[in-house]
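This is what each chain is made of:
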Amino acid sequence: MSLQGALNASISALAAQSSALSTISDNLANSQTTAYKSSSTSFSSLVAGSGSNSSGGVAATMVSNVDQQGLLVQSTEATHLAIEGDGFFIVADGADATSTYYSRNGEFTVDSDGYLTNGDYYLLGWATDSDGNAIGGTSENALEPIDLDSVQSSVDATSSVAFQANLPADAETGDSFETTFEVYDSLGTTSTVTATYTKTAENTWQIAYSDPTLPSTGETVGTVTSGTVEVTFNSDGTLASTDPDPATLTIEGWTTGAEDSDIALDLGEAGGTNGLTQYSSGDGDPSIDVQSIDQDGLAYGNLSSIEISDDGTVIAFFDNGEERPIYQIPVATFGNPDGLEEMSDGIYARSSTSGNATLHEPGEGGAGTVQGGWLEASSVDTSEEFSKMLSAQQAYSAASQIMSAANDMFDTLLDAVR
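One structure accompanies this document, and this report is about it. (Residues numbered from 1 in each chain as written. Predicted model: local features only at pLDDT ≥ 70, side-chain atom pairs only at ≥ 80, totals over all residues. Heavy atoms only, no water.)

Focus: the overall build of the chain
Stage number 1. Assigned secondary structure in the chain consists of two helices and 30 strands.
Stage number 2. Compactness check: the chain gives a C-alpha radius of gyration of 37 Å against a globular reference of 22 Å for 418 residues, more than 25% above the reference.
Stage number 3. For the chain, the spread of C-alpha atoms along the principal axes amounts to about 135 × 45 × 35 Å.
Stage number 4. Expressed as a percentage of the 418 residues in the chain, the buried residues total 41%.
Stage number 5. The long-range share in the chain, meaning contacts at least 24 apart out of those at least 6 apart in sequence, stands at 62%.
Stage number 6. For the chain, the centre of its 7 positive side-chain charges and the centre of its 61 negative side-chain charges are spaced 22 Å apart. (Helix = DSSP H or I, 4+ residues; strand = E, 2+ residues; numbered from the N terminus. Rg over C-alpha atoms; globule rule 2.2 N^0.38 Å. Buried < 20%, exposed > 50% of the residue type's maximum accessible area, 1.4 Å probe, protein only. Contact = heavy atoms within 4.5 Å. Lys, Arg positive; Asp, Glu negative; His and termini not counted. Charge placed at Lys NZ, Arg CZ, Asp CG, Glu CD.)

Spelled out as structure tokens, the structure:
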């Protein structure tokens, strides 16, 4: 190798180590960036010419390590997400979702319009029905921005009321006791019904139900058209029978404009103690002891919070007690994730090297699971990067010394010619 070859080799070394230092600097600068994937430098030898006239050098190539798994760190935000395993979140650069990209950065928050966003990018998912099934299918074309403002609470009319209470066996024939319970009509209006329990004979009671009234004003808003219910008990205090069986409460003529209500009254099983019972109260002034009255109706509610499960299901919680799945967040995988084109803000675009994305439900088909309330930390190991920085610095210094020595030798050669 000639002096010129030595100079060429040292120049290539300076360029390669400069490139390595640039990569190290970028890694260290992003050591606290959510889901940042560290890059490394690959060195390869260069040979020019042949035989005794060949000269060498080195080339540096940046290697992306996109498939690295960072540590998961717990967050206080329920909308923050992390993927444990392979895959990427699918995002769009606008609410119209015309261009899709991929990211491991799950720092999603709810913007002023109700969308789950991370900076300028919108998280995409599949809208689901109340059973968690994707409404429009599970293709990429069915993806849409997750819009929490579009989620509406459902309204359910009361269809059943379950009672668990003890009627005092030591009550006198003719004694009456009252309890109240709420019912909802088909429009979600809540009203109060009063149940009057009257002891008509030994181990026998009659239950009459009043017309429903508004809790706020006491205004009657419907008419009970079903009759009274007769309840008999066994000698051991358990329920013997109801007449009619099953017992029902029918309400017609709602002034709210709702449809008629046909409500099943669950008073317990015959021979059981899971509903109405009749035991002595042991009190000089007997009274009914109500353990619980549960009805299945729902008023209209407002979205109060969301939760994201490991399978990527977004569950909405409403202030009326309703909860239901509203979206499914998919995970995209690639044959060669390291071939993705890196962009700012932890965003990646598909390329010919990476191949096309394959969409999966989290935890299926080799895709990782989604962890709600967690974030993926940067994969940068600062101690390792500092070690690489020192190596790059030493190699750069050595290359500069070669240049200096070759320069001195050229000077000596030129002096000899003169």
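Section: helix α2 (residues 382-417)
Stage number 1. For α2, which comprises 36 residues, the first-to-last C-alpha distance of 52 Å matches the rise-based estimate of 52 Å (1.5 Å per residue) to within 8%.
Stage number 2. Residues Glu385, Ala392, Ala399 and Ala406 constitute the buried set of α2. (Expected span 1.5 Å × (residues − 1).)

Quick notes on the pairing of strand β5 (residues 89-92)
Stage number 1. Covered by surrounding structure in β5 are Phe89 and Val91 together with Ile90 and Ala92, the residues of both alternating faces.
Stage number 2. By the bridge criterion, four bridges tie β5 to strand β6 (residues 100-103) in an arrangement that is antiparallel. Across the sheet, the residue bridging to Val91 is Tyr101, located in β6.
Stage number 3. As paired elements, β5 and strand β9 (residues 121-127) share two bridges and run antiparallel to each other. Its bridge partner lying in β9, Val91 is registered against Leu123. (Pairing = 2+ DSSP bridges.)

A few points about the pattern of salt bridges
Stage number 1. One pass over the full model with this rule turns up five salt bridges.
Stage number 2. A salt bridge links Glu376 to Lys37, with the nearest nitrogen and oxygen atoms 2.4 Å apart. One end of the pair, Glu376, is in strand β30 (residues 374-376); the other, Lys37, is in the loop between α1 (3-29) and β1 (39-48), and 339 residues separate them in sequence. The burial state of Glu376 is the same as that of Lys37; both residues are buried.
Stage number 3. For Arg104, the salt bridge identified is with Glu376, shortest N-O distance 3.0 Å. One end of the pair, Arg104, is in the loop between β6 and β7 (109-110); the other, Glu376, is in strand β30, and 272 residues separate them in sequence. Taken individually, Arg104 and Glu376 each receive the classification buried, so the pair is uniform in this respect.
Stage number 4. Salt bridges sharing partners connect three or more residues here, namely Lys37, Arg104 and Glu376. (Salt bridge = Lys/Arg side-chain N within 4 Å of Asp/Glu carboxyl O.)

Regarding the environment of Asn30
Stage number 1. Positionally, Asn30 belongs in the loop between α1 and β1.
Stage number 2. Judged by relative accessible area, Asn30 falls into the buried class, the value being 18%.
Stage number 3. Not counting the four nearest positions on each side in its chain, Asn30 is found in contact with Tyr36, Ser378 and Val380.

Examining the side chain of Ser378
Stage number 1. With respect to the helices, strands and loops of the structure, Ser378 is situated in the loop between β30 and α2.
Stage number 2. Polar side-chain contacts of Ser378 include one of 3.1 Å to the backbone oxygen of Asn30.
Stage number 3. Side-chain polar atoms of Ser378 contact the backbone nitrogen of Val380, separated by 3.2 Å.
Stage number 4. Dropping the residues within four chain positions of it, Ser378 is found in contact with Asn30, Ser31, Gln32, Thr33, Ala35 and Tyr36. (Polar contact = N/O pair within 3.5 Å; in protein donor to acceptor, adjacent residues only side chain to side chain.)

Considering a negative patch on the surface
Stage number 1. A contiguous patch of negative charge, built from Glu84, Asp310, Asp311, Glu361 and Glu364, is present on the exposed surface.
Stage number 2. Mapped onto the secondary structure, Asp310 falls in the loop between β22 (303-308) and β23 (313-318).
Stage number 3. The exposure class assigned to Asp310 is partly exposed, which follows from its relative accessible area of 44%. (Patch = residues over 30% accessible without salt bridge, like charges linked within 9 Å, V, L, I, M, F, W, Y side chains within 5 Å. Areas by Shrake-Rupley, 256 points an atom, 1.4 Å probe, with all protein chains shown as cover.)

The values are spatial; any link to function lies outside them.
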